[in-house]
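Chain by chain, the residues run as shown.
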Amino acid sequence: MAEAAVVGVFGGSLKVPGGPPPGPGPLRELSRGVLSSGRRRLRRLGTHPAGPRTWLFLGGAVGVCEAAGLDPSLGLVGALARGLPHSPLLPGGLRAPLALLLFSSGLWLLLGLILRVGLRLLLGGTGGALAGPGPPPRIWLALVRMFAGRRPGLRSLQGALPALPLPPLGQTVRQLSELWEEQLHLGARGPLPSTGSYYLMDLLGPPPTRVRAARAANVAVAFLRFRRLVRDGTLPPVLFRGSLPTCSAQYERLFDTTRLPGEHRDHLRHFGGGSDLAVLFGGRLFRVPLRAGGGRPLSPPELQRQFQKVLEQEGEAGPPPETPAVLTAGDRCRWAQARALLLAGGGPNVAALGVLEDAPFVIAFDPSPNGDPPKNGDPPKNGEPPPEERDPPRDGDLDNEAKALLLGPPHNRWFDKSLTLVVFPSGRVGLNVEHSWGDPPVAWHLWEFALALDRSLGYDESGNCPGDGQGRDPEPPMELHWELPPQVSGVLPQAREQFQAMAEGLQLHVVSVEEPLGPSGTPESPQELLPLALELALVRERGPALTYEPIPTRLFLEGRADGARGVGRALLELERALRDPQTPRGRLGALLEAALAQARGRRRAAMTGAGLERHLQALAAVANQMRLRPPFLTEVLGQPWALAFSPAPRPHPPLLPRPLRPAGMGFNPPHQDGYGVSFTGGGDGGPVLVHISCREGSPKTDPRLFPQRFRASLAELRQLRGGEGLPLPPQ
């Protein structure tokens, strides 16, 4: 994933004399981690696994029993009533109901404690239950379901999740609690588009409307509804395999979060929740209120009218206005210095920064990625859909839109923001995500929720949001202007040139691959053959190489991800055997199963807290703090990633009805000579879409030739599993 770039940069810094800035020191890092952990523990105390409905049910049940002459409390309610103090404020008629309330509340707290302790004891065996090659024990899963409840809240199970396990001291040292976020993500100094951002694409096929203001309004309303569910804790938590709770801490920073630049390390700031959206259009910044008079949230048609007012203010043709937006896409140290100057100047610059950084998310109305689009409401010319709207798409149809989502016009992005909703003139949308606050499964959960609710809200015959306003018109959008000091405006030309070089040097290609079939002709899991085919194609291209696959560790409290390293010895033996035409088919099949088993073992170890990568990075962090350069770590972590790959982490079960599905996601390559690959699809009969990125000018990469090697490798692996081979592409 995108994190492979920052992992590689952090590990490779051990080779550089002096390395990265050592930071505040081990003791201060440890104390800061303890304070941060304490604050999170206090927040978790406010959650209760039983829920308020259970409290009401218990109170009602005990009350009904008492009224019927039964005493389920075994005399405790009467004892509490007699023990209450005598006071004029507490007449005799209220003593019995108050005692009943106290008993019910105590019973509810005791039930919650039993559920939390029982679930914690069960989940303490997560690593062991999932460590074996087969499925976890059914009795264990059934007990987990029973203690978790039928409808748990988003935060109700947080207190029961186990912490990530620590290996024995003889194997490694205690990792710093804030390592993955503070040092790997926020400590990276390179441009965010190349090290800290990724994109999610719209549904395959034409958009549900060509009125972009209407599409933006519906999706924005869906985002705000998801935000409210997260705040209220009523969003159902994600359950692994339908039973095991996963950590929901990342949802807290999904919205209202901005990555603020620093000289040596950035900082994540989660704001209290702004009531205005930041909208970018042609490089101009607008503040769009989200509420009408009396605090009423705007309906989709009202929000559409707000966005339409922004689009009607299109300026004259010419260069975009001079803004500091391009600095958010460049070197973090330079942007930190420029931001400090903007804040010191006060006035409109502070107001503009406040709107951007306080907003729940940013909306960017972009130009078309494929030239002049149809106007709002007009169908495509000659009945032929644009390339990005074909379903299924051909190779290359989605290239321009994918690159626009990842990079975009530099004057029309604010890469520091956690979420940027990108809206194209055709009505298609996409999402640009900053990576440091959380991982793709959370963003993908939001994205599918929004696309599903967008279809549910619907559009009228003209493509507009249905309905009218509900009352007084809200405050109209307001444009905010910048007054850049000479020290800031003077660095903009160089920043634009560097961004242009970065954009021109990125090659991004989206191809379609037929879904792999298993031995019985049924669809094979994309997590099985596709990753192995990618690694096999890489080995055939350059020999043994290092690959990175992020594995979520959200089965543990505040877990994020660990890396599964490849290529394994079993795959190298399989590649050598495939080159020998004399190798028996039975031998090839056995080698394939061994390679698949080794890959499963790596993923299982990372998922259950026994992975290798985070321990190596913890050792590197300690070595950095102590200003050491151990030869072992320098050699192991200094090797570049030749391939970083990840399946698109769609929620399970999917929130979109078949055959609707997003066109996938993508990110930058992890290294100058590496590939970044993401794939989505499988299980619905449609093609698998593979997003491949690499840097131009590298003698080791080719985004057009690599898919051919990938298809050929996948065809061979399918034949070995008993499925029909894919037609090989022309060489």
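In this text the structure is predicted, and so the values were computed from the model without any measurement.

Draft legend 1. Representation of the overall build of the chain in the model. If you tally the helices and strands in the chain, you get 23 helices and 18 strands. Of all 731 residues assigned to the chain, the portion counted as buried reaches 56%. Residue pairs in contact within the chain that sit at least 24 positions apart in sequence constitute 78% of those at least 6 positions apart.

Draft legend 2. The packing of aromatic side chains, seen in detail. Scanning the entire structure with this criterion turns up 13 aromatic pairs. Considering the side-chain rings of phenylalanine 307 and phenylalanine 365, the 5.8 Å spacing of their centres and the 65° angle between planes classify their relative orientation as edge-to-face. With phenylalanine 307 in helix H11 (residues 300-311) and phenylalanine 365 in strand S8 (residues 362-365), the pair connects residues that are 58 residues apart, well separated along the chain. Their ring planes at 65° and their centres at 4.9 Å tell us that tyrosine 548 and tryptophan 641 sit as a pair that is edge-to-face. Remark: tryptophan 641 occurs in the loop between helix H22 (631-637) and strand S15 (643-647) and tyrosine 548 occurs in strand S13 (residues 547-552); sequence separation between them is 93 residues. Overall, the relative accessible area of 0% leaves tyrosine 548 in the buried class.

Draft legend 3. Spatial organisation of the packing of helix H18 (residues 529-542) against helix H23 (residues 705-721). H23 packs onto H18 with a crossing angle of 125° between their chain directions and a minimal axis gap of 8 Å. In terms of orientation, H18 and H23 fall into the oblique class. The two elements H18 and H23 meet at a crossing, and its hand is right-handed. Contact residues: H18 offers Leu529, Leu530, Leu532, Ala533, Leu534, Leu536, Ala537, Leu538, Arg540 and Glu541, while H23 offers Phe706, Arg709, Phe710, Ser713, Leu714, Glu716, Leu717, Arg718 and Arg721. Across the contact of H18 with H23, the residue classes tally to 12 nonpolar, one polar and six charged.

Draft legend 4. Broad picture of helix H10 (residues 212-232). A rise of 1.5 Å per residue sets the reference length of H10, with its 21 residues, at 30 Å; its end C-alpha atoms lie 30 Å apart and thus fit the reference within 8%. In the stretch just after H10, glycine 233 is the one whose phi turns positive, near 75°.

Draft legend 5. Structural view of the environment of leucine 98. You can see leucine 98 is positioned in helix H5 (residues 92-123). Between the alpha carbons of leucine 98 and leucine 80 there is a distance of 8.7 Å; along the sequence they are 18 residues apart.

Draft legend 6. Expanded view of the nonpolar core. Core analysis: the biggest nonpolar cluster contains 62 residues, and Phe223, Phe307 and Ile363 have the highest contact counts within it. Considering every element that reaches this core, the biggest residue donor is H10, with 12 residues. Those residues in contact with phenylalanine 307 that sit more than four places away from it in its chain are Ala213, Ala216, Ala217, Ala220, Leu277, Val279, Val288, Ile363 and Phe365. Grouped together as the second largest cluster of nonpolar side chains are 45 residues, Val362, Ala364, Trp482 and Leu689 included.

Draft legend 7. Structural detail: the sheet that holds S13. Spatially, the six strands line up as an open sheet ordered S12-S18-S17-S15-S13-S14, and their pairing is mixed. With one partner strand each, in any of the chains shown, strand S12 (506-513) and strand S14 (561-566) form the two edges of the open sheet. Shown here is a sheet whose adjacent strand axes are inclined to one another by a mean of 20°, direction ignored. Two strands pair when backbone bridges link them, and S13 and S14 are joined in this way by six bridges, in the antiparallel orientation. Across the sheet, threonine 547 pairs through a bridge with glycine 566, a residue of S14. Of the strands in this sheet, S13, S14, S15, strand S17 (675-680) and strand S18 (688-695) are in contact with H18, which crosses S17 at around 155°.

Draft legend 8. The arrangement of the confidence of the model for the chain in detail. Per-residue confidence for the chain averages 80 on the pLDDT scale, and 79% of its residues sit at or above 70. Low pLDDT (under 50) marks residues 16-20, which in the prediction has seven contacts with non-local residues, meaning those over four places away or in another chain. Residue range residues 517-524 is modelled with pLDDT below 50. Its contacts to residues more than four positions away, or to other chains, number 19 contacts.

Draft legend 9. Representation of unusual backbone geometry within the structure. Omega for the bond connecting aspartate 391 with proline 392 falls within 30 degrees of zero, at 0°, which places this linkage in the cis form. Residue position: proline 392 is located in the loop between S8 and helix H14 (399-406).

Draft legend 10. Here's a closer look at the sheet that holds strand S9 (residues 419-423). Across the sheet, eight strands lie side by side as S11-S7-S6-S8-S9-S10-S1-S16; this open sheet has mixed pairing. Edge positions in the sheet fall to strand S11 (478-480) and strand S16 (665-667), since each has one partner strand and no second. Taking each pair of neighbouring strands and ignoring which way they run, the sheet shows an average axis angle of 25°. Set on the sheet, H10 makes contact with strand S6 (276-281), S8, S9 and strand S10 (429-434); between it and S9 the angle comes to about 155°.

Draft legend 11. Region of the structure containing the side chain of serine 693. For serine 693, the position within the fold is in strand S18. Residue serine 693 is classed as buried on the basis of its relative accessible area of 1%. Here phenylalanine 667 takes part through its backbone oxygen, which lies 2.7 Å from a polar atom of the side chain of serine 693. If near-sequence neighbours (up to four positions away) are discounted, serine 693 is found in contact with Leu506, Gln507, Leu508, Phe667, Asn668, Pro669, Gly674, Tyr675 and Gly676.

Draft legend 12. Expanded view of the pairing of S8. Where burial is concerned, the two faces of S8 agree: the one with Val362 and Ala364 and the one with Ile363 and Phe365 are both buried. Here S6 runs beside S8; their pairing, made up of four bridges, is parallel. Following the sheet pairing, phenylalanine 281 is matched in S8 by phenylalanine 365. Relative to S9, S8 runs parallel, the two sharing four bridges. Opposite alanine 364, over in S9, you have valine 422 as the bridge partner.

Draft legend 13. Up close: the environment of asparagine 370. Turning to its location among the elements, asparagine 370 is positioned in the loop between S8 and H14. Not counting chain neighbours up to four residues away, the residues in contact with asparagine 370 comprise Glu388 and Asn400.

Draft legend 14. Structural context of the pattern of salt bridges. Tallying each qualifying case throughout the model produces 29 salt bridges. Two residues, aspartate 202 and arginine 215, come together in a salt bridge whose shortest N-O distance is 2.9 Å. Here the residue aspartate 202 occupies a position in the loop between strand S1 (197-201) and H10, and arginine 215 occupies one in helix H10, the gap between them amounting to 13 residues. Comparing aspartate 202 with arginine 215 shows no difference in burial state: the two are buried. With a shortest N-O distance of 2.9 Å, arginine 259 and glutamate 434 are connected by a salt bridge. Of this pair, arginine 259 sits in strand S4 (residues 257-260) while glutamate 434 sits in strand S10; the two residues are 175 residues apart in sequence, bridging distant segments of the chain. Across the pair, glutamate 434 and arginine 259 agree in class, each one buried.

Draft legend 15. Molecular detail of the packing of H10 against H11. At a minimum axis separation of 8 Å, H10 and H11 run at an interaxial angle of 130°. When the interaxial angle is binned, H10 and H11 end up oblique. In this structure, the crossing between H10 and H11 has a hand that is right-handed. Counted together, Arg212, Ala213, Ala214, Ala216, Ala217, Asn218, Ala220 and Val221 of H10 and Pro300, Leu303, Gln304, Phe307, Gln308 and Leu311 of H11 form the full contact between these two elements. Residue composition of the contact of H10 with H11, grouped by class: 10 nonpolar, three polar and one charged.

Cut-offs and rules
Residues numbered from 1 in each chain as written. Predicted model: local features only at pLDDT ≥ 70, side-chain atom pairs only at ≥ 80, totals over all residues. Heavy atoms only, no water. Helix = DSSP H or I, 4+ residues; strand = E, 2+ residues; numbered from the N terminus. Buried < 20%, exposed > 50% of the residue type's maximum accessible area, 1.4 Å probe, protein only. Contact = heavy atoms within 4.5 Å. Phe/Tyr/Trp six-rings, centres within 6.5 Å; stacked < 30°, edge-to-face > 60°. Axes fitted to C-alpha atoms, helices over the stretch in contact; angles between N-to-C directions. Parallel < 35°, antiparallel > 145°, perpendicular 65-115°, else oblique. Left-handed = near helix turned anticlockwise from the far one by under 90°. Nonpolar A, V, L, I, M, F, W, Y, C, P; charged D, E, K, R; others polar. Expected span 1.5 Å × (residues − 1). Core = buried A, V, L, I, M, F, W, Y, C linked by side-chain atoms within 4.5 Å. Pairing = 2+ DSSP bridges. pLDDT = per-residue confidence, 0-100. Polar contact = N/O pair within 3.5 Å; in protein donor to acceptor, adjacent residues only side chain to side chain. Salt bridge = Lys/Arg side-chain N within 4 Å of Asp/Glu carboxyl O.

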